[in-house]
Each structure stands twice: as C-alpha cells, then as structure tokens.
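Inside the fold
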Amino acid sequence: MASADKARSPGGSDARRPRPPRAGSLVPYLYIAPFFLVFALFGLFPMVATAYVSLTDWSLLGTGPGRWIGADNYERLLHDPYMWNAARNTVSLFVLATVPQLVLALVIAQLLDWALRARTLISLGLLLPYFTSVAAVAIVFSVLFSRDFGLVNHLLDLVGAGPVDWPAGRLTSHLTVAAMVNWRWTGFNALIYFSAIRLIPRELYETAAIDGAGRWRQFWHVTLPMLRLALVFTAVLSTIGNIQLFTEPLLFSATQGNTTGGSGRQFQTLALYLYEEGFRSFDFGYASAIAWLLVLVTAVAALLSLALVLRIRSED
Amino acid sequence: MKSPGNGSRRRAGRNFRCAVAALFTGALIASCTSGPDDGGETELTIGLFGDFGYRELYAQYEKEHPGIRIVERVTAFDDHHTSLATHLATGRGANDIEAVETGYIGRFKSEPGKFVNFLDHGVGAQRDWWLPWKWDQSLSTDGKSQIGLGTDVGGLAMCYRTDMFEKAGLPTERDEVSALWPDWNAYFATGDRYTAGAPAGTRFFDGGATVFNAMIGQARTGYYDDDGNLVVKTNPVVRQSWDAVTQAIGKGQSARLTPLTNDWNNGFAESRFATIPCPSWMTAFIQDQAKSSAGKWDVATVPGGSGNWGGSFLTVPEQGDHIDEAVELARWLTAPEQQKAVFKENGNLPSQPALYKDPAITGLVKPFFNDAPVGRIFTESALKLQPQPQGPKSGEVMVAFTNGFNRVEAGTESPDAAWNSVIADIEHGER
C-alpha cells in the first residue's frame, strides 16, 4: 500500500505520464523481475562475495576458504607502496585519457554540425576505432611505440629527435596508454555529442545570431548548456571505464603476461595490480580488498565528474 | 588413498550442486550428466598449453584401451596456468590431466594435496627414468609427494652468429668458440673483444635477463636453499651474477631486449645480437624469426657446460572423477617409448637420459645452424645439470629480476638502485 501512495505522491503530471499501476497489482514487478534476478545472481552476489573474501586471507592455492582476518587486508592496503603507486598511475591515466577525449569529441561534433559535408561517411569513420578490439589497438600501439623498431621513433628520427623508450618512462608510458584510449573512444563520444547537437532547436541558434552572438559564443552559450545530459552520460561512462583501465596497460607490457605494468610499475593501474595480486600471487583476499577499493575510487571519481559537468547548468 | 565412501559422498555433493545450478539457469544440465556410470565410455580430458605432440598417441592409446576416450584442450600459456589455479581453488573444473610448465611447478607443488601423489601409484620405482633434477623439480620440498611426471626439457647451449663473429675478429668454428668461454667470466671477456670490433648496431648478447637466468640455473643453490627458504638476498652467487651481468650491460654488451617480446623477435631478424643462451625449443623459433640468416647461426656449448630452460610436467588434480585412468594415461604419455615418439613428432627433447643414447636423438643435426649436432649438445647440457631447489615464488623472483635488468638497460635506475628495488619487489611478495 505504501508503495502505491508513494507512486501517486509526486503527481500533478498525470495528464502527461502513463498512469501508475493500480495498488496491489504484482504484474509490473513480474515484468521487471528477470532483470533483478539476473542482477542478484551475476551482479549483487559476486560483489557481496568479494566483500566477504576481502575480509579473509584466502589464497587461491590454499587448502580452502581463508581464515577471517577482519580489516587486515584493508589496513595492509593503506600501507602498501605498490597500491599508492597504482593509485597515482590510475589518476594520472584517468586525467590523460578522459579530458582530451571529451574535449576533442566536443570539437569534432561541433565542426561536424557547422560545416562538414559527407557527414554520414565521417560519422562512420569516427565509429571505426570503437569497433576495433581493445587487444588489437593495444598491440598495434605497442608496435608503433616500440623502442627499436617503432614507427613513432622512426618519424622522430627523421626530424632529428632521439629515440624515446616509450614504455620505460612514467610520463611517456602514460601518454602512450592514454593515446590508445583516446584513439578508441573519441569518435564514439563525438557521435553522441553530434546527435545531441542535432536535437537542439535551430531557433535557439537563430535567436542567438540575431542577438549578435558569433559562433564561439553560440557554442559556449547554446550548445554546451543544451548538451548537459550527453555530457553527464559520457563523463560518467568514461570515468568508470578509465578508472578501471586494465587491458591497455596489460598488453602494453612488452613481455607477454607481465602484470607489473612496466619494469618499474610505471604504468600499473589499480585494476592491473588487482590482477597481479589475485592471479599471479593468488592472494585472493588481498585482491578482493583492492577490488572494493577500486569500487570506492570509481564511485568517487564518477560523482566528482558528475558534479563538474553539472556546474554547466549554473551558467544556463 | 581415497575410500569409496568419500568418493560417493563427493558425487552426491556434485549432483546437488548441479541441481541447484540447473534450477537457476536450466542450461547446465547437459554438463552434469557424464561419468562412467551412464555412458560405458570414460572421457579423459587433458589440458595443455601448446603442441605436446600427443595427437597420434591418443589414437594408439584409445585403441589399446577400449572404453577410454581422450579429449585434448589447449589454451594459451598464462591462461592455462591461471585457470588451473582457479579450478584447484574452487575444487572443480580442472581437467583429468593438467600440464604444468617449469616456471609454475614450484608454485603448484607447494600445495601437494591438490594433486595426486604419483608415489602412491608406484611411480617411485621408475624415478631413474628421469633426469634427477627434473624429478626433483616436481617433488614436494619434504620429498613425500611427487605431483608431476616430466615430459620434455630444454637443455641449454649458446647460439651464435658466425658471420658477426668473423667481422669482429673472433673464431667462428664451433669447438673453438666453445673453448672461448669455459665459464661466464670468459664469456663476458669475449664480449669485450666482440664489442671492440663489432659490426655497427650489433651487441654481444640479447639482454641481461637471459644471460642471468642461464647463470643462476647452473648454481648448486639459486633462489631457494635446501630447506625451502628464499635466499636471494644472502646467496652470494645471485649478487655476483647480477654484478657481472650489469657490468657487461654498462660496457655496451647488451642489445637490451627481453625474451618473448616483439622487439626481441625483431632482434633476431634484424641481427641485433651475436649470441644468445638457447634451449632446444628455441632453435625452431630462431629458424622462424631469422629466415634470412640461414646457415649463419651455429651452436656452441654454454659457459659452465650445463643448463636448462623450459620443459613441462603432467599432473593429475585430486578433484578428478577418473583418477586411476588419468594416472595410467599420464604415466603412459611420459614413458620412454612415447617421449621418443614425441621427439620424432615435434622435436621436444625427452627428459629421460636413457633416450639420450638413442641415435635418433644424438644424431640430430640442423642445417639452419650450420649442421650443428644439436641433439648431442642439448642432451649433454641437460645431463650435466645438477638439481637445484625450487620454491613457490621462483617464477615471481624471475619476473622481479627481469624487470630489474630492464630498468638498468633502459637507464632508469643504476645497477645498485635496481638491485635494491628487485629485493624490495621480492620482499613485497613475501609478506
């Protein structure tokens, strides 16, 4: 009964919205039940189980489920220099991979809307990197940026710059890994922005033009505020994806199956460190603690980027 | 040994789990109905990571053992060992027979209870079949459990480029080259001579990690002592080898390449280095990578004379339903007769010294390597190798050192700083 009251309470908009279900009717809940069943089985249960395992000292090769050790894993985690190293790398890669990607996508979308011909063809081209598998991208980039035989170093050599050992340095390796992510996702985001821009009523631009706004001001005062939803969507999505960056740094390690993220852990992300602890050292309890830390960091980062994007509303 | 009661309880538990799983998904029912009771035919699964040369042998075995059907499942190297660990942890899902590579065997034998102890099945009487160090590698530290039966070994030699040696003013004939480096000091001294007259763009060896591993492998004690303690920090051999290799790197002897990377592969084709410590399986690899340099490669003995790199074992996880049949098949596949057949099939070097007298093996020469008698060279180095204690973290210690050499070679750390961070890395894994 309470639920029925709640359903009616925000009312006043009955004319526009479909009627809320009659009280006591179970049918709508049955319709959505399969999702929640599947979610409980494959979403909720693993999370709860991971939380439990993170409070034990379960080794994958041990003789059974581990002993209960309370918050020991988390305490160890806070004093683990490799965790802090991975956290720093994660934040750095997150910034390097998210900001250029979204800004560039926005510029491309606006350019597409303004001037370009053959939009369909270009849109298709933009989406191509997204179709490419992460593994293929990572392998191709590793070859492009290889120290001795890479195309990038070859080009640098042509203009007289010395060869760069891309994977060896912290900044250079971060730039390379971020380049993989940016290459793959910029087009995807640009298309989302572009379709959102196409939905903006043209009158708004006309009015702005009459008021004397140039293209730059139109972009700043019409396009951006009207894209708020798309911005929120892409910002949160890429935040979640980039905080959990895994395949790119794993495959960028030249040695197959090396999980340390470079010879000095210079590009090991939290997700990669989780994998190393769980599936190289087989320390399942500790890896589960890292997993929950990762959930926390992802949630905080997603909320932060949400807050950042929502600030655009205030200029609206 | 298992009591029959234990077995039936396990089966009941399995049926219950299957029923629960079926309730939830409906799709798993098919996989819950196997076993000898309902088919009359026993299916044995064998999990491998590459070509073990067994396919012909399965047919023969099935013919001689009616009612047995063998299914081979091949996955990638790292995936194979990771999923084996997962299956051992969850107590189900492992194949009846699982292959384990040398780099992982120390890790798995630290949990001998998860595997069938071959000593309980009378394999102890045949221990002399295998090279002593091969037998020891899969034997638990207390010597009471033998979890793996050796398949192949790598042996170790020193592959070198005759054309590059000639340009650098070094001898090129195989025996003279072997005489250049009775030990590793002489090897690095030869490196100085090579570097002085080296063709442009070439280095003496491929990378520090390869040479270092060959040096450590020969020592009586490596990373672990006889009681299973990690002694990387205190074993003088480890530090001395580190110093010798990093000094050679400092003098420009290293092409700064890491084994099994793209750059390393290209290094063969682009002739970036003149020597490389090579096990027998690498000869096929070099032949593939460096097609243009056929006949320019040759094989000399490795400094110190002995060594091994790679090789595998067959294990039988304790969780299986057909343990007796699996043990029998694993014993058969690793018996001398079959190891010989595998050698003929794909060239994997047997792990049993009796076969090293076989003319098919001792007489093997490779035209690509200037007709080097590789069969004799590799088996000799395997025969001379002394057993060395291995522990659960041998693989990770090796990764830590490889990373350390990479840092020295990339110039991001000095040899001393890199040594300290290697030790820190290993101690971090020890907690």
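Here the structure is a predicted model, which is why all the values come from computation and not from measurement. (Residues numbered from 1 in each chain as written. Chains lettered and ligands numbered in written order. Predicted model: local features only at pLDDT ≥ 70, side-chain atom pairs only at ≥ 80, totals over all residues. Heavy atoms only, no water.)

Another point: the overall build of chain B. A count of helices and strands for chain B gives 19 helices and 10 strands. Relative to a compact globule of 431 residues, whose C-alpha radius of gyration would be 22 Å, chain B shows 23 Å and is just as compact. Summarising its shape, the C-alpha atoms of chain B cover approximately 75 × 50 × 40 Å along the three principal directions. Counting over 431 residues, chain B shows a buried share of 53%. (Helix = DSSP H or I, 4+ residues; strand = E, 2+ residues; numbered from the N terminus. Rg over C-alpha atoms; globule rule 2.2 N^0.38 Å. Buried < 20%, exposed > 50% of the residue type's maximum accessible area, 1.4 Å probe, protein only.)

A contiguous nonpolar patch, built from L26, V27, Y29, L30, Y31, I32, F35, F36, F39, L44 and V48 of chain A and spanning about 1,200 Å² of accessible area, is present on the exposed surface. Secondary-structure assignment places L30 of chain A in helix α2 (residues 27-53). (Patch = residues over 30% accessible without salt bridge, like charges linked within 9 Å, V, L, I, M, F, W, Y side chains within 5 Å. Areas by Shrake-Rupley, 256 points an atom, 1.4 Å probe, with all protein chains shown as cover. Salt bridge = Lys/Arg side-chain N within 4 Å of Asp/Glu carboxyl O.)

Below, the discussion takes up the sheet that holds strand β6 (residues 203-205) of chain B. All names here are of chain B. With mixed pairing, four strands are arranged side by side in an open sheet as β6-β7-β5-β8. Where the open sheet ends on each side, the last strands, each with one partner, are β6 and β8 (297-301). Each neighbouring strand pair of the sheet contributes to a mean axis angle of 20 degrees, computed without reference to strand direction. Two strands pair when backbone bridges link them, and β6 and strand β7 (residues 273-278) are joined in this way by two bridges, in the parallel orientation. (Pairing = 2+ DSSP bridges. Axes fitted to C-alpha atoms, helices over the stretch in contact; angles between N-to-C directions.)

Right, let's get into empty space enclosed by the protein. Residues and elements named next belong to chain B. For the coordinates displayed, the defined rule picks out two cavities of 30 Å³ or more. By volume, the largest cavity amounts to about 40 Å³. Contributing to the lining of the largest cavity are L156, T301, V302, G305, I377, E380, S381 and K384. Residues of the lining of the largest cavity, tallied by class, amount to three nonpolar, three polar and two charged. (1 Å grid on protein atoms, 1.4 Å probe; cavity = no way out; pocket = protein on both sides within 12 Å on 5 of 7 lines; lining within 4 Å. Points joined across faces, edges and corners; volume = space filled by probe spheres on them. Nonpolar A, V, L, I, M, F, W, Y, C, P; charged D, E, K, R; others polar.)

Residues and elements named next belong to chain B. For the structure on display, the rule yields one disulfide over all chains. There is a disulfide in this structure between C159 and C278, and the S-S distance comes to 2.0 Å. Given an S-S torsion of about 85 degrees, the disulfide between C159 and C278 has right-handed geometry. Of this pair, C159 sits in strand β5 (residues 157-161) while C278 sits in strand β7; the two residues are 119 residues apart in sequence, bridging distant segments of the chain. Across this residue pair, the class does not change: C159 and C278 are buried. (Disulfide = S-S within 2.5 Å.)

The next thing to look at is the interface of chain B and chain A. Listed by partner, the interface residues are 36 residues for chain B and 34 residues for chain A. Applying the counting criterion to the chain B and chain A interface returns two salt bridges. Here R280 of chain A ties to D78 of chain B by a salt bridge, and the two come within 3.7 Å at their closest N and O atoms. For the interface between chain B and chain A, the tally reads 12 residue pairs in polar contact (both at pLDDT 80 or more). (Contact = heavy atoms within 4.5 Å. Polar contact = N/O pair within 3.5 Å; in protein donor to acceptor, adjacent residues only side chain to side chain.)

Here the focus is the domain arrangement of chain B. All names here are of chain B. Split by domain assignment, chain B resolves into domain 1 (34-152 + 310-357) and domain 2 (157-309 + 366-430). Taken over C-alpha atoms, the centre of domain 1 sits 30 Å from the centre of domain 2. Carbon and sulfur atoms make up 64% of the surface buried where domain 1 meets domain 2, a total of about 1,400 Å² over both sides. Of all residues in domain 1, R107, W133 and G310 give up the largest surface area on contact with domain 2, accounting jointly for 40% of the area buried on that side. (Domains from an automatic or database assignment. Buried area = accessible area lost by both parts, 1.4 Å probe.)

Turning to the packing of helix α8 (residues 170-198) of chain A against helix α11 (residues 228-243) of chain A, a few remarks are in order. All names here are of chain A. Between α8 and α11, whose axes approach to 10 Å, the crossing angle comes to 160 degrees. By the angle class used here, α8 and α11 are roughly antiparallel. Seen along the crossing, α8 lies across α11 with a hand that is right-handed. On the side of α8, the interface is formed by V181, F188, N189, I192, Y193 and A196, while α11 contributes A230, L231, F233, T234, L237 and N242. Of the residues contributing to the contact of α8 with α11, the split by class is nine nonpolar, three polar and no charged. (Parallel < 35°, antiparallel > 145°, perpendicular 65-115°, else oblique. Left-handed = near helix turned anticlockwise from the far one by under 90°.)

Here we come to the pairing of β7 of chain B. Residues and elements named next belong to chain B. Counting buried positions along β7 gives six out of six residues, so the element sits mostly inside the fold. Pairing geometry for β5 and β7, over four bridges, is antiparallel. Bridging from a neighbouring strand, Y160 pairs with T275 of β7.

All right, on to the packing of aromatic side chains then. Residue and element names in this part refer to chain B. Applying the stated criterion across every chain yields a total of 55 aromatic pairs over all chains. Between Y194 and F204, the aromatic rings sit 5.8 Å apart at their centres with planes inclined by 40 degrees, giving tilted as the arrangement. Remark: F204 occurs in strand β6 and Y194 occurs in helix α9 (residues 184-197); sequence separation between them is 10 residues. You'll find Y194 and F204 in the same group, each marked buried. Across the ring face of F313, the terminal group of K134 is positioned such that the distance to the ring centre comes to 4.1 Å. Just above the ring of W419 sits the side chain of R239; from NZ or CZ to the centre is 4.7 Å. (Phe/Tyr/Trp six-rings, centres within 6.5 Å; stacked < 30°, edge-to-face > 60°. Lys NZ or Arg CZ within 6 Å of the ring centre and 35° of its normal.)

The subject of this paragraph is the nonpolar core. Core analysis: the biggest nonpolar cluster contains 45 residues, and F165, W181, F188 and F401 of chain B have the highest contact counts within it. The residues touching W181 of chain B, leaving out its near neighbours within four places in the chain, are M158, F165, A186, Y187, T190, F204, T275, A300, T301, V302, P303 and G304 of chain B. (Core = buried A, V, L, I, M, F, W, Y, C linked by side-chain atoms within 4.5 Å.)

Moving on: the sheet that holds strand β9 (residues 311-315) of chain B. Residue and element names in this part refer to chain B. Pairing is mixed across the open sheet formed by six strands, whose spatial order is β2-β1-β3-β9-β4-β10. Because the sheet does not close on itself, it has two edges, and the strands there are β2 (68-74) and β10 (349-350). Pairing of strand β4 (residues 148-153) with β9, which is carried by four bridges, proceeds in the antiparallel orientation. Bridged to L149 within β9 is L314. Where helix α3 (residues 55-64) meets the sheet, it contacts β1 (42-48) and β2, and its direction lies at approximately 165 degrees from that of β2. Its contacts with the sheet place helix α14 (residues 323-333) against β1, β2, β3 (97-101), β4 and β9, and it is angled at close to 50 degrees to β1.

The next thing to look at is the packing of helix α11 (residues 236-250) of chain B against helix α19 (residues 415-430) of chain B. All names here are of chain B. Where α11 contacts α19, the axes come no closer than 11 Å and their chain directions differ by 140 degrees. One element, α11, and the other, α19, form an angle in the oblique class. Crossing angle aside, the handedness with which α11 passes α19 is right-handed. In this structure, α11 uses V238, R239, W242 and T246 to contact α19, whose residues at the interface are P415, D416, A418, W419 and V422. When grouped by side-chain class, the residues that make up the contact of α11 with α19 number six nonpolar, one polar and two charged.

Positionally, D283 of chain A belongs in the loop between α13 (270-279) and α14 (284-314). Apart from the residues within four sequence positions on either side, D283 of chain A is in contact with W58, R76, E277 and G278 of chain A.

Okay, the pairing of β3 of chain B next. All names here are of chain B. When you tally the buried positions in β3, you get five out of five residues, the bulk of the element. Residues I97, A99 and E101 of β3 are buried on one face, and the alternating residues E98 and V100, pointing to the opposite face, are buried as well. In this structure, β1 lies alongside β3, joined through two bridges in parallel fashion. Bridging from a neighbouring strand, I46 pairs with I97 of β3.

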